[in-house]
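# Report on the structure
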Amino acid sequence: MKLLKAFFGLLLLASVCYLGNMRLAGVPPIFKFIDPYHGFWRNAECLDCSTDSVLVVATKDAAQITVDERGVPHIFAQNEYDLYFLQGYLTAKDRLWQMEFQTHAAAGRISELVGDKALEFDLEQRRIGMTWAAEKALEVIAEDSVSVLILNAYADGVNAWIEGLSDQDLPLEYKLLDYRPESWSVFKSALLLKYMAKMLTGTERDRPNTEALKLLGEEMFWKLYPDQTYLDDPIVPDFVTGSDTESDTKGSVTHSQTAWTMDEIQPHIVGSNNWAVSGDRTENGNAILCNDPHLKLSLPSIWYEIQLSAPSVNCYGVSLPGSPGVTIGFNDSIAWGVTNAGRDVKDYYRLSFDKENRYEVGDELYDAELRLEEVKVRGAKTIIDSVLYTVYGPVAHSSKDENLALRWLAHDPSNELRTFYELNRASNFQEYAAALSHYNCPGQNFVFADVNNNIAIWQQGKFKDKPVGYGKFLLDGTDPVHLQEKFIPQTDNPHMLNPTRGFVSSANQSAVDTSYPYYVSGVYEEFRNRTINRFLRNDSVVTISDMQALQLSNYNLLAEEALPLMLGLLDTSQFKYAEMEQLALTELRNWNYSNDKGIIAPTVFEIWWDEFNTLLWDEFNKQDYDQDMYYRYSWEQMAKDGKAKVDMRDTRYVYPMAKIAIDLLKNDTTNIMFDHHSSNDKIEVARDIVYDSFYWTAMKFGDIIKYKFSAPHWGHYQGTTVQHLLRVDALSSDKLFVGGSENAPNATTSTHGPSWRMIVELDKNGPKAFGVLPGGQSGNPGSSKYVHSLENWANGEYHALRFLKKDSELRSDWTTLSIKPMEP
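Note that the coordinates shown come from a computational prediction; the quantities given were computed from them, not determined experimentally. (Residues numbered from 1 in each chain as written. Predicted model: local features only at pLDDT ≥ 70, side-chain atom pairs only at ≥ 80, totals over all residues. Heavy atoms only, no water.)

## Regarding the overall build of the protein chain
Along the protein chain, the regular secondary structure elements total 24 helices and 28 strands. Out of the 824 residues in the protein chain, the part that is buried amounts to 59%. As displayed, the protein chain offers around 34100 Å² of accessible surface, 52% of which is attributable to carbon and sulfur atoms. (Helix = DSSP H or I, 4+ residues; strand = E, 2+ residues; numbered from the N terminus. Buried < 20%, exposed > 50% of the residue type's maximum accessible area, 1.4 Å probe, protein only. Areas by Shrake-Rupley, 256 points an atom, 1.4 Å probe, with all protein chains shown as cover.)

Structure below.
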């Protein structure tokens, strides 16, 4: 019996050991993961706090790295290869897993890591041609020896870090998912840039518009979905194409003699703000530039802060982990920043194929190119997906009913990296404009300021010169007219230099008004831009503090324009749920339209606005939706189901823009759209919709308080979270108590917000700059630098950005590394 017990005991131990070293149901090998010497415990140590003062790597010359108190590296190199080698090395040290995960996502390879839960996502990436776009970009990059040099140097630096990584020092996510990093390549950097292009051109409306046109008819469609160039405050008002924009530059203007002149050389609308104010309007007489790109908030942070210094360049700002150079930043002469243009650069064409994958365009019969996409799936069989490529591009959507070929301008060969390489070195407006000439996609609004008090803005990208209405709907791919493409010249892209009003700005609104001679279509912001411009027009003397206050402003112009109309139509004599309706009404009447974190009124308004739109646009809701059932679905049930709200929209449609709803409330209160789609006994008007939506708002507001789904204050209700890329709660932030609104300059929502706040004053004695990330420099959750700045960001605080010189006096909480090249 003792032998039998011993045998089963040994068998149990062996089984535990065997299972403990296996990956089961997505869980990493538990013994490997908890190993005190190689497992996750190792990541709790401060690996980014090395006391080594000398680093021997494969650089060409000696170099120096100073790391400041926030973990920001300041690289001082003697040549460009070493500069970008060290940028790649240090970025990999802090962000390797993030870099690789995002390029896996771009290539449609996440299923390799997490299994079939990512299969649909991966298939979409393959079908829209992400790797094909990166391959075409490399064709252009290969012709530019400077781009080849810096990309190869960056890749060499990343790989030098990878080669020195032992299993015990792998980033935590590799241990969680039980895999090792691949070698980095130039192709991965190209993929990353296409991934950003997808993120920033993802708001497409071709199919929803086509479906809405069928539902509404042409007359009603154009009333509800007009082209948006009529909106107030375009980026470049009264733009005249072909104008000489360089005649009014201030200060000395010299053409660059730097190395670059040598021959060898989206579901959520993504928004941002940028502006520049002339020194004629500032307290110190210096131009001030501001930028805060609004993206999905994530950990590790989207951006990596860095200073790059070599004989040909000295710049500071943020880079994309995986791409060399500084994307948003400044040097000692200029500053620049970007916002999304919102222009429509995707068109979909209907095509039919025969059994041999042939299709017709006009009188010609074309053979589609078949590309077999091999999607490896962890723990399951490899999937082979067949993607057809046409004269327009890949067939991105295919079903038994239709095939849609995608023409996306990000597929065209381009070298956006060269733009940032030149901006990093630019010293005046002419060099800024020349740098933009390389930039194709995604369309961006590049703001500019320099030490000579020049300010400018330029919407840059490759944009089609197309007929009115073109691309707003799905197109007939058999019509050969679509193959005759023309493009707007760069000089005719909207831009403005030194306007008399003393500022330039953009916040994702339309770039031009109806006087612009080219047809412009896209999805644009309606409120933030006007709040920003109102402030800049009214404030005659601007300070850094003023600019910080504007970036942090929670003022909701949508509420200012919509709420008085709604309150004016609200019949309080109908109140059925009197206590809560009166409480909600009192909050709204005493509100100043600012979505501040510690007050209740924004919560009431945002619920009301959602309820109002659900009723107003009920034609676009699910056909089988039961209105009474929808409203009986209480916050108590939502809490049980883990939902914040019930979305009854039919995914085939997109609601009209908020400005349309406001116009109806103001000018057409009996419009047929106010009639309940599901009611037969009455024709409702605006007053009915306003009251019904307010009643259910009060009910839901009461449920919030009764069931404590969340505290009623806006900062709690909004529930902003900075989520880890793996969506692991333990690696994500807690809910942040912050204000903001997508309609306010501080465009913070539950998932999106300012991914980098930057303010730069261009002083001739050296730039004075401030900034903050919603996270930290390190991608290691065990590091003190992982969320180092998140609390500062949430509190509206800024860090001084230290634009150092090689011989700058060091602080006690900084470290310096001397870089020695390896012996041959």
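This is not the end of the story, as more comes after the structure.
## Focus: the side chain of N424
The residue N424 is located in helix α12 (residues 416-425) in this model. In this structure the side chain of N424 is engaged in a polar contact, spanning 2.8 Å, whose partner is the backbone oxygen of F420. The contacts of N424, once residues within four sequence positions are left out, are V313, C315, G325, V326, N331 and W336. (Polar contact = N/O pair within 3.5 Å; in protein donor to acceptor, adjacent residues only side chain to side chain. Contact = heavy atoms within 4.5 Å.)

## Brief notes about the sheet that holds strand β7 (residues 304-310)
Ordered in space as β1-β28-β2-β3-β7-β8-β9-β10-β18-β19-β21, the 11 strands form an open sheet in which the pairing is mixed. Unpaired on one side and paired on the other, β1 (54-57) and β21 (495-497) mark the two borders of the sheet. Between one strand and the next, the sheet's axes are offset by a mean angle of 20°, whatever the strand orientation. Sheet topology note: the strand β2 (residues 63-67)/strand β28 (residues 815-821) ladder contains 5 bridges and is antiparallel. Each residue of the ladder has a partner; that of A63, found in β28, is I819. The strands that α12 touches are β8 (313-319), β9 (328-331), β10 (334-340) and β18 (444-450); relative to β10, the one it contacts most, it runs at about 150°. (Pairing = 2+ DSSP bridges. Axes fitted to C-alpha atoms, helices over the stretch in contact; angles between N-to-C directions.)

## Details of the sheet that holds strand β11 (residues 346-351)
If you walk across this open sheet you meet the 4 strands as β16-β17-β11-β20, and the pairing is mixed. Two strands lie at the open edges of the sheet, namely β16 (395-398) and β20 (475-476), each paired on one side alone.

## Comments concerning the confidence of the model for the protein chain
Do not read the fine detail of predicted coordinates wherever pLDDT is low. Residue-level pLDDT values for the protein chain average 88, and 86% of them are 70 or greater. The model gives residues 45-51 a pLDDT under 50, and that stretch makes 9 contacts with residues more than four places away or in other chains. The low-confidence segment residues 629-635, where pLDDT is below 50, has 21 contacts with residues more than four positions distant or belonging to other chains. (pLDDT = per-residue confidence, 0-100.)

## Thoughts on unusual backbone geometry
Of note, the amide linkage connecting L299 to P300 takes the cis form, showing an omega dihedral of -5°. Mapped onto the fold, P300 is located in the loop between β6 (298-299) and β7. With an omega of 5°, the peptide bond between C441 and P442 qualifies as cis. Along the chain, P442 falls in the loop between α13 (429-436) and β18. Phi angles above zero are rare outside glycine, and N508 is one such case at about 70°. One can find N508 in the loop between β22 (503-506) and α14 (528-538). Although it is not a glycine, R727 sits at a positive phi angle of roughly 60°. Its place among the elements puts R727 in the loop between β23 (723-724) and β24 (752-754).

## What about the nonpolar core?
W303, F330 and Y432 are the most contacted members of the largest nonpolar core, which totals 128 residues. Top contributing element to this core by residue count: helix α3 (residues 80-107), with 15 residues. Other than its neighbours up to four places away in sequence, W303 contacts R95, P293, L295, V318, S319, L320, P321, T327, I328, S755, W756 and L773. (Core = buried A, V, L, I, M, F, W, Y, C linked by side-chain atoms within 4.5 Å.)

## Brief notes about helix α5 (residues 119-127)
Among all positions in α5, only L119, D122, L123, Q125 and R126 are buried. All buried residues of α5 lie within an arc of 160° about the axis, which places them on one face of the element. Summarising the contacts, the buried residues of α5 are in contact with α3, α4 (111-114), α6 (130-141), α9 (186-200), β14 (369-375) and β15 (383-389). At the C-terminal side of α5, G129 shows a positive phi close to 80°. (Arc of directions from axis to C-beta.)

## Topic: the packing of α14 against helix α16 (residues 557-569)
Put simply, α14 and α16 touch, their axes get as near as 8 Å, and they point 105° apart. Considered as vectors, α14 and α16 are oriented roughly perpendicular to each other. Across from R530, T531 and R534 in α14, the residues of α16 making contact are L557, E560 and E561. Tallied by class, the residues present in the contact of α14 with α16 amount to 1 nonpolar, 1 polar and 4 charged. (Parallel < 35°, antiparallel > 145°, perpendicular 65-115°, else oblique. Nonpolar A, V, L, I, M, F, W, Y, C, P; charged D, E, K, R; others polar.)

## A few points about the pattern of salt bridges
All told, the structure shown has 39 salt bridges when counted by the stated rule. Taking the shortest distance from any N to any O, the salt bridge between E69 and R802 comes out at 3.0 Å. For K472, the salt bridge identified is with D227, shortest N-O distance 3.1 Å. Of the two residues, K472 and D227, neither departs from the other in class, the shared state being buried. Through salt bridges with shared partners, one network takes in D347, R407, D412, K462, K464 and E485. (Salt bridge = Lys/Arg side-chain N within 4 Å of Asp/Glu carboxyl O.)

## Structural notes on helix α15 (residues 544-551)
Within an α-helix, residues lying three or four positions from one another point in the same direction, as the helix has 3.6 residues per turn. Within α15, the full set of buried residues consists of I544, M547, Q548, L550 and Q551. Along the long axis of α15, the arc covered by the buried residues comes to 160°, so they all point the same way. Elements in contact with the buried residues of α15: β4 (272-277), β5 (288-296), α14, β25 (757-761) and β26 (768-772).

## Description of the packing of aromatic side chains
Under the counting rule described, the total for this entry stands at 36 aromatic pairs. Ring centres 5.4 Å apart and planes at 55° place the aromatic pair Y516 and Y518 in the tilted group. Y518 carries the same exposure label as Y516, and that label is buried. An aromatic cluster of three or more residues is present, and its members are F221, W222, Y225, F473, W617, F620 and Y653. Directly above the aromatic system of Y421 lies the positively charged group of R425, at a separation of 3.7 Å from the ring centroid. Between R501 and the ring centre of F503, over which it is positioned, the NZ or CZ distance is 4.1 Å. (Phe/Tyr/Trp six-rings, centres within 6.5 Å; stacked < 30°, edge-to-face > 60°. Lys NZ or Arg CZ within 6 Å of the ring centre and 35° of its normal.)

## Some details on the packing of α6 against α9
Geometry of a packed helix pair, given as the angle between the helix axes and the separation of the axes. Relative to each other, α6 and α9 sit at 120°, their axes nearing to 9 Å. The angle between α6 and α9 falls in the class oblique. In this structure, α6 crosses over α9, and the sense of that crossing is right-handed. Note on element contacts: α9 touches α6 through V186, F187, A190, L191, K194, Y195 and K198, opposite M130, T131, A133, A134, E135, A137 and L138. Of the residues belonging to the contact of α6 with α9, the class tally is 10 nonpolar, 1 polar and 3 charged. (Left-handed = near helix turned anticlockwise from the far one by under 90°.)

## Some points on a nonpolar patch on the surface
A grouping of V54, V56 and M822 is seen on the molecular surface, where their side chains present a nonpolar patch of about 260 Å² in accessible area. Relative to the elements of secondary structure, V56 occurs in strand β1. Residue class for V56 comes out partly exposed when judged on its relative accessible area of 46%. (Patch = residues over 30% accessible without salt bridge, like charges linked within 9 Å, V, L, I, M, F, W, Y side chains within 5 Å.)

## Focus: the side chain of D227
Mapped onto the secondary structure, D227 falls in the loop between α11 (218-224) and β4. D227 sits in the buried class, given a relative accessible area of 18%. For D227, the side chain forms a polar contact with the side chain of K472, separated by 3.1 Å. For D227, the side chain forms a polar contact with the side chain of Y519, separated by 3.0 Å.

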